[in-house]
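Spelled out, the chains give:
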Amino acid sequence: QQQQQQQQQQQQQQQQVRAQSEQPAKRVKSEPFEEQEGKPKPQLVATETAPELSGTKRQRQLQQPATGLSNLPTPARTAAAAAATSSKRSPSAPAPTKVQRGGEVGGVGKKFAWALSEVRDLLEAIVDVEGVSELLDRFPECVLIGGIAARREVVSALLGDHGVAVAAAKQLVAPNLRQPLVLELRAGSEDVGSLDGPDAQAWLQGVAQAMGQALGQRLKLDPFRLRLSSAGSASLDVVELPDACSQAQLTTKADEINTRHLGSPSNLLVCLEPGSPMDLCLHYDSQLCRTMLLGEAAVEGRTASAPLHGRAAAIALEQRFASLCTERAPQWLSALERLETRLTRAQAEAREVLQRESSDEVLRRARAVGTSFGRALEKVINGAPGCTAGALTLEEELTEYATSAAKGMCGSGTVLSAQDASSSAVDLFANFGSVEGYAKYLKDEVHVPCADMKLNGGAAWQRLLAEVEVAMRLAHPPAEELSALMLNAIRAGGTGVHGHVRWEDVASKLMLGIAFEPLRRRISYVASRVIWVLKNQKAAVSEWMSQLSDGPTARLYSPLFSEHLQMLRAYPLVRDLVFAAFDRAVSVVGEAVFKSLQGTLTAACINPAIMLRAGTEPSLDPRKPRAPPTGDSKSDRAAAARARVSAEMRRRNSDAGSGGLPVQLLDRVFEPKDGAQMLPFVEVKLRNAFSVLAGILSNQAFAFSDTSLATLIRRQIDEAMSQIEGTAEQKAVLSARHQELDSVVQQVEQRLGGVRRCTTVLRNAQP
């Protein structure tokens, strides 16, 4: 039982098998800082940095130290385990080996290697940031160049002096490798137990399983990255290229792989054998400034030196890698500081945009812009020289209006439907054959001012007032209603609630049937024209505001006009809110014009006698001289009063005061047998009443339309802009936009935190 407990404790102390493999995006390395600045390239001779070892390769393998628990590597970590523990990676003390690691240099190399792993993980998460990809390309990597046996020997020595490392090297340096393999070797305190134990076999299986993704016949340009941590391993990055990259006849992909890894000035070329490997190094590094000679290649042309193999080669290579990292660390830190400065500025801008794009701020800005837009409309209506946006001739204006009316774009809520606006325009233009005929009539017959000139703003508005007055006066009773006048009169007669129907009642009903519908269509036309013209002033107002940005007029008006115009152009949501509020204000004044005219029409059609009755003429002016009294007695005053009443009664009973009916029909019961004789007189009076009513409505159309513009500028626009709240859809858009900007701020803060973490890690890794 004690032995079993000891075995269990020993197994609990051993770490589990881990493997990590990842394939980052393709990157082309750029010039390192020291070579761009013209600094000399460090070259470390293998014979100067490690003790001399003798013997053949077979003898060196037999003289390797025995495999134990202290120098066995940990398994390759999986991607999930790496993601879960990436923030907890820290360099741990290497296990003691029989070959010394170079003292202080080995510790520095180990720190830099672990630091580069963490920095690479952080930077690859933000690789889309400008400058990050170039910084990643400046990190050094050691590219092994030589035969399979020589490369396996170096990889085995880098992993550690034990049997598991030799077996793993055979799997890592495979002849059928289809893509570049980047090994991130890191020294750690983990081990896998005995050589023949299940943990070691599981570790080898994990390496084989991870390498299965990189094996094949078809070349791939993207490198396959694998991170291994073991007790006694060297700490550096090693690149293993496919065998197709060392052949005499290179394919396009193989040549691109060589250019990317061998031609990168940041990488260190490790030549292991003379001959073709040396020629390949000379091809990409003719001065051998960034080439390190190991193995058999170290003695070619140098008889005084001895070849470096096994653990000595691993130590020399690790020292060279640490030296490169130490020299280039200041340039990396400088690049990180510049990146941190840009991200800090981006963070401030993102926060400012987040504050500016909040719902309350957008609504407040839209109300302010809308108020300026209303003030600019007043300036344009009063006259804006040089403003030509939206300028049209009368024919062009009527043609565009007819097109908009046909599309149903001239209505206003439930008061004036789009169908009524369209039918009213068709009814008017049909009397002249087409809209062009109506425009020609206005220009040639009526002589509307400035019909051939392209106008906008206040000039176009004055031309509109003249045109709607003419359109109102052109209304006439329909012929079909006049032909059926006898039938309609008989239908309107009979006995009512208050007794027999009189001729006055019949005339009112006939007037309502004849005049109401055609005059209502003209009222709809007038209101729709007013609404359409005012809504189309937005282009002229915007152009006038744009002219105030520079020039002499910029000093005559408020600078808020130009500032708010920029907001209209830069923020579509603000523009939609302002224009929608402006259209609502225009609809309000257009509906007011329609209701006022319709009220007059309804009252006149219900009781035309009141409209046609002659008014009394009381003498209320104190400046008008009075007739001298004939007498001061009571009888004289009574006689004068009776005379005035008699005169008023005669005036009301005359043709002028009969409400349009003949005198003989006043206060007379309607009899159908008298219709044939009396209806011609009734028709004449109805035509006269229609003409009088059309004239009254035309005058009111001119006055109400002109007043509506003043109401719009002085009241309705300010009220509409102050009530801007946005629809449910617009509020949803604002909310979504705010969430999007908030996520951008968080993303920038995370990236800034990652860059600052990289700076801290690299500074801590420096000696």
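Quick caveat: nothing in here was measured; it's all calculated off a predicted structure.

(A) Quick look at the overall build of the protein chain. Helix and strand counts for the protein chain come out as 27 helices and 9 strands. Sequence separation of 24 or more characterises 82% of the internal contacts of the protein chain that already satisfy a separation of 6 or more. Carbon and sulfur atoms provide 51% of the accessible area of the protein chain, an area that totals close to 37,100 Å².

(B) Quick peek at the side chain of Ser 708. Its location among the elements puts Ser 708 in helix H26 (residues 675-722). Each residue touching Ser 708, except ones within four places of it in the same chain, is listed here: Trp 461, Val 530, Val 589 and Val 593.

(C) Fine view of the pairing of strand S5 (residues 236-240). With respect to burial, S5 is a largely interior element, 5 of its 5 residues being buried. Burial of S5 is two-sided: the residues Leu 236, Val 238 and Glu 240 facing one way and the residues Asp 237 and Val 239 facing the other way are all buried. The sheet contact formed by strand S2 (residues 142-145) and S5 spans 3 bridges and is parallel. Across the sheet, the residue bridging to Val 143 is Val 239, located in S5. Bridge count for strand S3 (residues 181-187) against S5 is 5 bridges, and the pairing is antiparallel. Directly across from Leu 181, in S5, lies its bridge partner Glu 240.

(D) Molecular detail of the packing of helix H13 (residues 359-382) against helix H21 (residues 538-546). Between H13 and H21, whose axes approach to 9 Å, the crossing angle comes to 95 degrees. Relative to H21, H13 is oriented roughly perpendicular. Counting all contacts with H13, which are made through Phe 373, Ala 376, Leu 377, Lys 379 and Val 380, the residues of H21 involved are Lys 538, Ala 540, Val 541, Ser 542, Trp 544 and Met 545. Grouping the constituent residues of the contact of H13 with H21 by class yields 8 nonpolar, 1 polar and 2 charged.

(E) Quick peek at a negative patch on the surface. A cluster of acidic side chains, namely Glu 395, Glu 396, Glu 400 and Glu 436, defines a negative patch on the protein surface. If you tally residues by element for the negative patch, the top one is helix H14 (residues 394-406), at 3 residues. Looking at the secondary structure, you find Glu 396 in helix H14.

(F) Main features of the packing of H21 against helix H22 (residues 560-570). Contact geometry for H21 and H22: axes closest at 8 Å, N-to-C directions at 125 degrees. Put simply, H21 runs oblique to H22. Taken as a pair, H21 and H22 cross one another with a handedness that is left-handed. Residues Ser 542, Trp 544, Met 545 and Ser 546 of H21 form the contact with H22, whose own contacting residues are Phe 561, Ser 562, His 564, Leu 565 and Arg 569. Here the residues of the contact of H21 with H22 are counted per class, giving 4 nonpolar, 4 polar and 1 charged.

(G) Seen up close, the packing of aromatic side chains. All chains considered together, the criterion is met by 10 aromatic pairs. Both rings, one in Phe 139 and one in Trp 332, keep their centres 5.0 Å apart while their planes meet at 75 degrees; by these two values the pair is edge-to-face. With a gap of 193 residues between them, Phe 139 in the loop between helix H6 (132-137) and S2 and Trp 332 in helix H12 (residues 310-356) connect regions that are remote in the sequence. Judged by relative accessible area, Phe 139 falls into the buried class, the value being 0%. Three or more aromatic residues joined by ring pairs make a cluster, and in this case those are Tyr 401, Phe 429, Phe 432, Tyr 438, Tyr 441, Tyr 525 and Trp 532. Directly above the aromatic system of Tyr 571 lies the positively charged group of Arg 365, at a separation of 4.8 Å from the ring centroid. For Arg 529, the ring lying beneath its charged end belongs to Tyr 401, and the centroid distance is 5.3 Å.

(H) Main features of the environment of Val 369. Of note, Val 369 is situated in helix H13. For Val 369, a relative accessible area of 0% gives the class buried. In this structure the C-alpha to C-alpha distance between Val 369 and Glu 563, which are 194 residues apart in sequence, comes to 8.8 Å. If we ignore the near neighbours within four places in the chain, the residues touching Val 369 are His 564, Met 567, Leu 568, Val 574 and Val 578.

(I) Structural detail: the nonpolar core. With 94 residues, the main nonpolar core has Leu 519 and Tyr 525 as its most contacted residues. Those residues within four positions of Tyr 525 in sequence are excluded, and the remaining contacts are Leu 398, Tyr 401, Ser 424, Ala 425, Leu 428, Phe 429, Tyr 438, Glu 467 and Ala 471. Core analysis: the second largest hydrophobic core is formed by 69 residues, Ala 165, Leu 177, Leu 226 and Leu 228 among them.

Analysis parameters
Residues numbered from 1 in each chain as written. Predicted model: local features only at pLDDT ≥ 70, side-chain atom pairs only at ≥ 80, totals over all residues. Heavy atoms only, no water. Helix = DSSP H or I, 4+ residues; strand = E, 2+ residues; numbered from the N terminus. Contact = heavy atoms within 4.5 Å. Areas by Shrake-Rupley, 256 points an atom, 1.4 Å probe, with all protein chains shown as cover. Buried < 20%, exposed > 50% of the residue type's maximum accessible area, 1.4 Å probe, protein only. Pairing = 2+ DSSP bridges. Axes fitted to C-alpha atoms, helices over the stretch in contact; angles between N-to-C directions. Parallel < 35°, antiparallel > 145°, perpendicular 65-115°, else oblique. Nonpolar A, V, L, I, M, F, W, Y, C, P; charged D, E, K, R; others polar. Patch = residues over 30% accessible without salt bridge, like charges linked within 9 Å, V, L, I, M, F, W, Y side chains within 5 Å. Salt bridge = Lys/Arg side-chain N within 4 Å of Asp/Glu carboxyl O. Lys, Arg positive; Asp, Glu negative; His and termini not counted. Charge placed at Lys NZ, Arg CZ, Asp CG, Glu CD. Left-handed = near helix turned anticlockwise from the far one by under 90°. Phe/Tyr/Trp six-rings, centres within 6.5 Å; stacked < 30°, edge-to-face > 60°. Lys NZ or Arg CZ within 6 Å of the ring centre and 35° of its normal. Core = buried A, V, L, I, M, F, W, Y, C linked by side-chain atoms within 4.5 Å.

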